Amino acid sequence: MSNLETAPEELVCNDHRACAGIELLAPRNVPLGGPRAMDVRRTLPQKQRSLIGAWCFLDHYGPDPVGESGGMRVPRHPHTGLQTVSWLFTGEIEHRDSAGHHAMVRPGEVNLMTAGRGISHSEFSTPDTRVLHGAQLWIALPDRARHTAPTFVHHRPEPMGTEDWTVRVFLGSLSVSADRGAEHYSASPVHTHTELVGAEILMEPGTRIKVALKAHHEHGILLDSGSLKVEVDDVPVDHLAFLPVGFQTVTLSAGNKPVRALLIGGEPLHEQILMWWNFVGRTHEEVVKYRQQWQAEIGAEPGDGSAKRFGEFPDGEPDPLPAPVLPTVRLRPRD
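Here we summarise the structure given alongside this text. (Residues numbered from 1 in each chain as written. Predicted model: local features only at pLDDT ≥ 70, side-chain atom pairs only at ≥ 80, totals over all residues. Heavy atoms only, no water.)

Before going further, it helps to spend a moment on empty space enclosed by the protein. Taken as a whole, this structure holds 2 cavities of 30 Å³ or more when the rule is applied. By volume, the largest cavity is sized at about 50 Å³. As for the largest cavity, its lining consists of Thr84, Ser86, His95, Val105, Asn111, Leu112, Met113, His121, Glu123, Gln136 and Phe152. If you list the elements that add at least two residues to the lining of the largest cavity, you get β7 (82-90), β10 (110-114) and β11 (119-125). With 3 residues, β10 is the largest single contributor of residues to the lining of the largest cavity. When grouped by side-chain class, the residues that make up the lining of the largest cavity number 4 nonpolar, 6 polar and 1 charged. Roughly 30 Å³ of volume is contained in the second largest cavity. Thr80, Gly81, Gly116, Arg117, Arg146, His147, Val280, Tyr290 and Arg309 together form the lining of the second largest cavity. (1 Å grid on protein atoms, 1.4 Å probe; cavity = no way out; pocket = protein on both sides within 12 Å on 5 of 7 lines; lining within 4 Å. Points joined across faces, edges and corners; volume = space filled by probe spheres on them. Helix = DSSP H or I, 4+ residues; strand = E, 2+ residues; numbered from the N terminus. Nonpolar A, V, L, I, M, F, W, Y, C, P; charged D, E, K, R; others polar.)

So this is what it looks like as C-alpha cells:
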C-alpha cells in the first residue's frame with residue numbers, strides 16, 4: 001500500500017527504548033485520497049513509537065463498503081528498503097509489481113513483497129469485493145539487506161487451536177495454550193531478514209490463552225474487533241498494545257464479544273532509519289535521490305538517464321502516483 005498523504009512527515013526511527021509496562025498506542029485516521037476515499041487507521045509510525053522490532057508501518061482499514069468508498073485503488077507507486085505485508089479479513093485485492101509478480105490477496109493468506117533496492121507495485125480491490133477489511137504493514141530492512149533484489153512470496157498458513165480460539169502464524173513462530181489445555185505450535189516458512197513474528201488471533205467470548213514470547217523481542221497487539229484484555233489492561237478497538245522487551249508470555253482474555261487481533265513483534269532493529277512517503281532510507285540525500293529517480297522514471301520530472309531503479313510495468317495500467325513535494329527543510333532526526 002502507498003502512503004497517500006500529500007505532505008508526509010519524515011520519521012526517524014531510533015533504537016529501542018525500554019518501557020516498564022504495556023503501552024497503548026491510539027490510531028489516527030488517514031484518508032487514502034479524495035472525498036469518497038477509504039479511510040485507514042494508522043498506529044505505526046507515530047511520534048511516541050515508530051518501530052516494533054523491524055515493523056515500521058501499520059494501516060488498519062475497514063470493514064469498508066466498497067460501493068460507497070470505491071475501495072482500494074492505489075496505482076503504481078515505489079518502495080525502497082522495506083518489505084510489505086498484506087493481510088485481509090474480508091475482500092480481495094489484486095497485486096501487480098515491476099518484478100513481474102501478479103497475485104491476489106485473500107483472507108487468511110499473506111503476501112510479502114521485498115522492495116530491496118527498489119520496486120513499484122499497484123493494489124486494486126477486485127470488482128467482486130463488496131466489503132474490504134484488513135491490514136497493511138511494512139517491515140524495515142536492516143542495512144545488510146536493504147539493497148537486495150526485489151522478491152515476492154505468497155503463503156497460506158494452517159490454523160492452529162481449538163473450537164474456542166484459532167491462531168494463524170504468517171511470519172515467524174508462536175506457541176499458544178489455553179487454560180488446562182495442550183500447547184500448540186506453528187511456524188511460517190516465509191523468510192525475513194530480522195527475527196519477526198506476525199499472527200492473526202481469533203477468540204470466542206470468555207476464552208483466555210497464553211502466548212509464549214521471545215523475551216528479547218518487543219511486541220504489539222492490534223485489536224480489530226471484540227473486547228480484549230492484554231494481561232490486566234483493557235485494549236480499545238483499533239488500538240495497538242505495545243509490550244517492551246522482557247515479556248516471556250502474555251495472557252489474552254476475551255470479554256463478552258468475539259475477538260480478532262493481530263500480533264506482531266521482533267528483535268529491536270537497533271538501526272536508525274529515515275522514512276518519507278514510500279521510501280525507507282538512512283539519510284536525507286538517499287531519500288532525495290529515490291524521489292528524483294522515481295519522478296524521472298514516470299516522466300514527471302527530468303532525469304539523468306540512469307538505469308531504472310523501480311523497474312518496468314505492463315502497458316495499459318493506470319497512471320502512476322507522482323511523489324509529493326519534498327519539504328523545504330532538510331529531512332533530519334527529531335528529538
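Having seen it, we continue.
Our focus in this paragraph is the pattern of salt bridges. Overall, the coordinates contain 16 salt bridges when judged by the stated rule. A salt bridge links glutamate 92 to arginine 106, with the nearest nitrogen and oxygen atoms 2.8 Å apart. Highlighted residues: glutamate 92 in the loop between β7 and β8 (93-97) and arginine 106 in the loop between β9 (102-105) and β10, separated in sequence by 14 residues. Classification of arginine 106 by relative accessible area gives partly exposed; the value is 35%. (Salt bridge = Lys/Arg side-chain N within 4 Å of Asp/Glu carboxyl O. Buried < 20%, exposed > 50% of the residue type's maximum accessible area, 1.4 Å probe, protein only.)

Turning to the sheet that holds β10, a few remarks are in order. Pairing between the strands of a sheet comes from backbone hydrogen bonds, and it takes one of two forms, parallel or antiparallel. Spatially, β3-β4-β5-β12-β7-β10-β13 is the arrangement adopted by the 7 strands of the open sheet, whose pairing is antiparallel. Only two strands of the sheet have a single neighbouring strand rather than two, namely β3 (28-31) and β13 (151-155). Looking at each pair of strands side by side, their axes are set apart by 20° on average, direction ignored. Strand direction decides the pairing type here: β3 and strand β4 (residues 39-44), joined by 4 bridges, are antiparallel. Of the residues in β4, the one forming a bridge with valine 30 is valine 40. (Pairing = 2+ DSSP bridges. Axes fitted to C-alpha atoms, helices over the stretch in contact; angles between N-to-C directions.)

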